[in-house]
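A closer look at the structure
Now for the letters of each chain:
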Amino acid sequence: MHGTAGLDRTGGPGVAGVSVMSKEGLAGFLNGLIARFRVFAPVQEAGTTRFAPVSSAGEVMMPTTVTSRPLKELFLPPSETLLEFEVETSGGMVGEVKVEPAEPGVGDMPRVVFGARPCDARSLLLLDKVFDSTDYKDGHYIARRRGTAIISVACSEPAEICFCTSTGGGPFDEAGSDVILEDVGDVYLIKVITERGAGLLAGLEGVVPGFRRLSEQAEGDALPGQLLPLLPEQLLAAERNAKERAEAVIPALVPARGIHEKLKGMFEHECWGELYRKCLGCAACAYLCPTCHCFDIADEAVDNKGRRVRCWDACMFPMFTLHASGHNPRPGRKERFRQRVMHKFSYFMENNGDIACVGCGRCIENCPVNMDIRSVLASLDAVSAASAGTV
Amino acid sequence: MKMNQEGEWEPKIVAFLCNWCSYAGADLAGTSRIQYPPNVRVIRVPCSGRVDPLLILKCLQRGADGVLVSGCHPGDCHYIAGNYLARRKFAMLKRLIEYLGVEEGRVQFSWVSAAEGEKFADVIKTVTRRVRELGPARKLVKVREMQGGAGASL
Amino acid sequence: MSDLLGVSGIMSGIGGMNNWKRDSDVNGAAANEAADRVAQDIRRIARKLLSDGEVDVFIGYGQGTLPSRVTPVFITRPEDADALIWDARCENDLVVYLPGIEGKAGVVVKGCDGRALARLLAEKQVERDRLKIVAVECAGVIDRKSVKRDGGNRVHLHPSCQVCEERTAPVYDFLAGGATGPVVPGGPGDKSGSRDPFGEIREFEARASEERWNYFSQEFDRCILCYACRQACPLCYCPECFADRATPKWIGKDRALSDKMVFHLGRAIHLAGRCIDCGACVRACPMGIDLRKLTRKMEKDARELFGYEAGKAAAAGALPLFASFTREDPDDFIL
Ligand code: SF4
Ligand code: SF4
Ligand code: SF4
Ligand code: SF4
Ligand code: FES
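The rules behind the values
- Residues numbered from 1 in each chain as written.
- Chains lettered and ligands numbered in written order.
- Predicted model: local features only at pLDDT ≥ 70, side-chain atom pairs only at ≥ 80, totals over all residues.
- Heavy atoms only, no water.
- Helix = DSSP H or I, 4+ residues; strand = E, 2+ residues; numbered from the N terminus.
- Buried < 20%, exposed > 50% of the residue type's maximum accessible area, 1.4 Å probe, protein only.
- Polar contact = N/O pair within 3.5 Å; in protein donor to acceptor, adjacent residues only side chain to side chain.
- Contact = heavy atoms within 4.5 Å.
- Buried area = accessible area lost by both parts, 1.4 Å probe.
- Salt bridge = Lys/Arg side-chain N within 4 Å of Asp/Glu carboxyl O.
- Nonpolar A, V, L, I, M, F, W, Y, C, P; charged D, E, K, R; others polar.
- Expected span 1.5 Å × (residues − 1).
- Arc of directions from axis to C-beta.

A few words now on the environment of B:Leu17. All names here are of chain B. With respect to the helices and strands, the residue Leu17 is situated in strand β1 (residues 13-18). Given the relative accessible area of 0%, Leu17 is considered buried. Counting along the chain gives 55 residues from Leu17 to Cys72, while the straight-line C-alpha distance between them is 9.3 Å.

So, in structure tokens, the structure goes:
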């Protein structure tokens, strides 16, 4: 298990499991990781960003916001082969079908992700509920998940699209991360969250200049490049400050978590007819959402050989629900838009005990018509309050 | 990739031939015993106007080294204007795929009438020579990507 | 229900909704003034159309939830017309909402949107007598993505606007705010030939074939097939796109580069002589793919080969490029 339940705190509050690193130490830290693991970190790609394998610290783009593409694609790639098949033919007759299950790319493990944002890290816990549940265990997903450690970077400066505090997370949220790196002003604090995280850092202390355990900082020695000595208490206070400052930028005002109760009776509400209207029916929101996970399974074959692939799909597309008969149970954009909202904020809660949104804001940033999920939720909340008043 | 008996690459060319003219032209070339390269796979279509640009792209995707579309001469289309309409589409398509970076000459067009057995053979010779010069198709080819093995890269 | 589109309380708590105006622009002040006049007139016209029952819905722009964004609004009651705005952020091509719309509709159109509408009328996708077209003499819209890339320091016009030759719709019922000022040389609406509208394409054509191939390979490799480009395009109205067809399956489900390219080539061909360069596709693309590299090429070729200019005033109602021909069409590429 690698959910919150598996969180294995080595420290608890205080200095245990916490290290301090000078800002200059970052490149050495990254290179130290890269020397020992296959590291995925945010890289720039023609004005967009994504997690990709890096071979030196110089390639890493220290994130200021979430990456354009979500972390989920390292676990649920846009397309992956599930199995390969070959139909034997002899003398024009169709013979046996040979089926070869595909490896989920386990040979590439273990991997370390550096630079995930807390919202992305948290999204993995939600995906776990789907692909690693008691009902269903997805071999490919689980292999990738087991083989990947997550080092997050806390968000000292949340962006205008962020609302993680309304979805159960926060800019310094540790859920889903093995290690979290926090910018507390002049230095980074690096906190070990899980045992796996401790293992990641084990080989780096004493190797990376300017990186040491907070417990060894008791005398307040200055780090290289650092003029002032830093006492552990001061550093922990600086951390609290940074966290409070960041949280203050995004007060938890979006009615995201509590709304499932209200949504229960709103399936047929007339407000959907107004809310959906500007939606174009693309999948920019769903594909870039770190928690959206709908997929399609199809065969790609040439002659007698082929493979079965699983690829991203989205409830915003008419094809997603089109029956072979021609009937479509979600015939219009209204029904499809409602599905996305209801799935995230009502059905997912009913089925998995949480909402399927981490407040990363990617859908807000990327919607061509500025469909802002925050205002959609606010509207739904207001509408339900209004109808509650009139009943 | 198609190899001949000597183990050398042989171009594979898909030819969409209009039923009313070029297809009959090919027939005539055959019955007149005019020699032309055996590299074309003929697909008979009712009119050059039927050839959707997507069909041409699909051929390239599926590994054709060259594609030829051949219809009736201007004014001779069985459906009056099918070839005129096709001409516009093909002019735009040809420029577009070459602009993309697909080699000039992979996709070609011709007018061959039912009486032009000789011309049909010449067209096939020209197209085959050109495609042979270009070598095996690589761009837009998906089949090879598929044969190249499975698995997501991540 | 009245707050559905605004949701002011919560949103202003989250992040400002301040105006984004063209202060840093040379023509900033004049442009802002003209924009305010246009906005007032749009509101007046919408209110009137709705009260008189001339339209059931009025589609315009409203304040968005981020400083850089506006959002399409669908106004059905005269008193809500105050939510309508107009400024240089009004980037969406609202014509995209018209095919299949029920009842009578009013719509705000810039020059490019108006050209798209002219094409839809010619292709019989909308009925003229169910529409009230409110045109704006456009001064260009801001390219928010490049402004953002630049750290918000400079105003950039959208690339489409930088080469726009007709800034007012070819057909309309109202010109909101009247004339908004002379055409700036080299700016939106300049068709004097003082700049080459296809200069960028010509430059790209001049590169080596391999270089162009590498460029497109890299760009389309990033495509996630979210179809935002298609969905935002006013001229992609097919009930079933070829990309979605299962029989025949044109686009593989395994998202090979080849599949992505066939999607974009197929789409470009379907838009040949139809694309009016509103730029909606480029703005919609979350992966920053410059789709105009293909669509502008089609526009250029349609003009060079057939003298065809989609949606332009002189030929607004022309038959589609691929539904017409002349005996003299270029033939030199045919063996
Ligand atoms: S719904 Fe939007 S804000 Fe929520 S997790 Fe998905 S992309 Fe992020
Ligand atoms: S392309 Fe022309 S009409 Fe369209 S927004 Fe730009 S300047 Fe305005
Ligand atoms: S292809 Fe792009 S620029 Fe052309 S009409 Fe469609 S959205 Fe506008
Ligand atoms: S919007 Fe961009 S990423 Fe999405 S399908 Fe179009 S080109 Fe691809
Ligand atoms: S019938 Fe031959 S091209 Fe139309």
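Next, the rest of the story.
Looking now at the side chain of A:Arg111. All names here are of chain A. Residue position: Arg111 is located in strand β6 (residues 111-116). Residue classification places Arg111 among the buried positions, given a relative accessible area of 1%. At a separation of 3.1 Å, a polar atom in the side chain of Arg111 contacts the side chain of Thr148.

Many descriptions give the size of an interface as the accessible area lost when the pieces come together. Of the residues lining the interface, 45 residues belong to chain C; the matching set on chain A comes to 51 residues. Carbon and sulfur atoms make up 59% of the area that chain C and chain A hide from each other, which totals about 4,100 Å². Here chain C and chain A share four salt bridges between them. Here C:Lys253 ties to A:Asp296 by a salt bridge, and the two come within 2.9 Å at their closest N and O atoms. Connecting chain C to chain A are 20 residue pairs in polar contact (both at pLDDT 80 or more). Breaking the side of chain C that touches chain A down by element, the ones donating at least two residues are α1 (8-14), β2 (70-75), α4 (144-149) and α8 (228-232) of chain C. Broken down by class, the residue content of the side of chain C that touches chain A amounts to 24 nonpolar, eight polar and 13 charged.

For the rest of this paragraph, the subject is helix α4 (residues 117-134) of chain B. Given 3.6 residues per helical turn, the α-helix brings residues three or four places apart onto the same face. Residue and element names in this part refer to chain B. With 18 residues, α4 extends 26 Å from end C-alpha to end C-alpha; this agrees with the ideal 26 Å at 1.5 Å per step. Every buried residue belonging to α4 is among Gly117, Phe120, Ala121, Val123, Ile124, Val127, Thr128 and Val131, and all of these are buried. Along the axis of α4, the buried residues cluster in a sector spanning 160°; they form a single face. For α4, exposure combined with an orientation more than 90 degrees from the buried face picks out Glu118, Arg129 and Glu133. Looking at the buried side of α4, the elements it contacts are β1, α1 (22-31), β2 (40-45), β3 (66-71) and β4 (107-111). In the segment just after α4, Gly135 is the residue with positive phi, at about 85°.

Moving on: the interface of chain C and chain B. Residue-level contacts link 49 residues of chain C with 39 residues of chain B. Note on chain C versus chain B: buried area summed over both sides is about 4,000 Å², and carbon and sulfur give 68% of it. Contact with chain B buries surface across chain C, with C:Trp250, C:Phe333 and C:Leu335 losing the most and accounting together for 20% of the total. Taken together, the connections running from chain C to chain B amount to eight salt bridges. Counting across the interface, chain C meets chain B through 27 residue pairs in polar contact (both at pLDDT 80 or more). When contributions to the side of chain C that touches chain B are tallied by element, the ones reaching two or more residues are α6 (199-205), α7 (209-221), α9 (257-270) and α11 (292-306) of chain C. The element best represented in the side of chain C that touches chain B is α9(C), accounting for ten residues. Looking at the side of chain C that touches chain B residue by residue, the classes come out as 28 nonpolar, seven polar and 14 charged.

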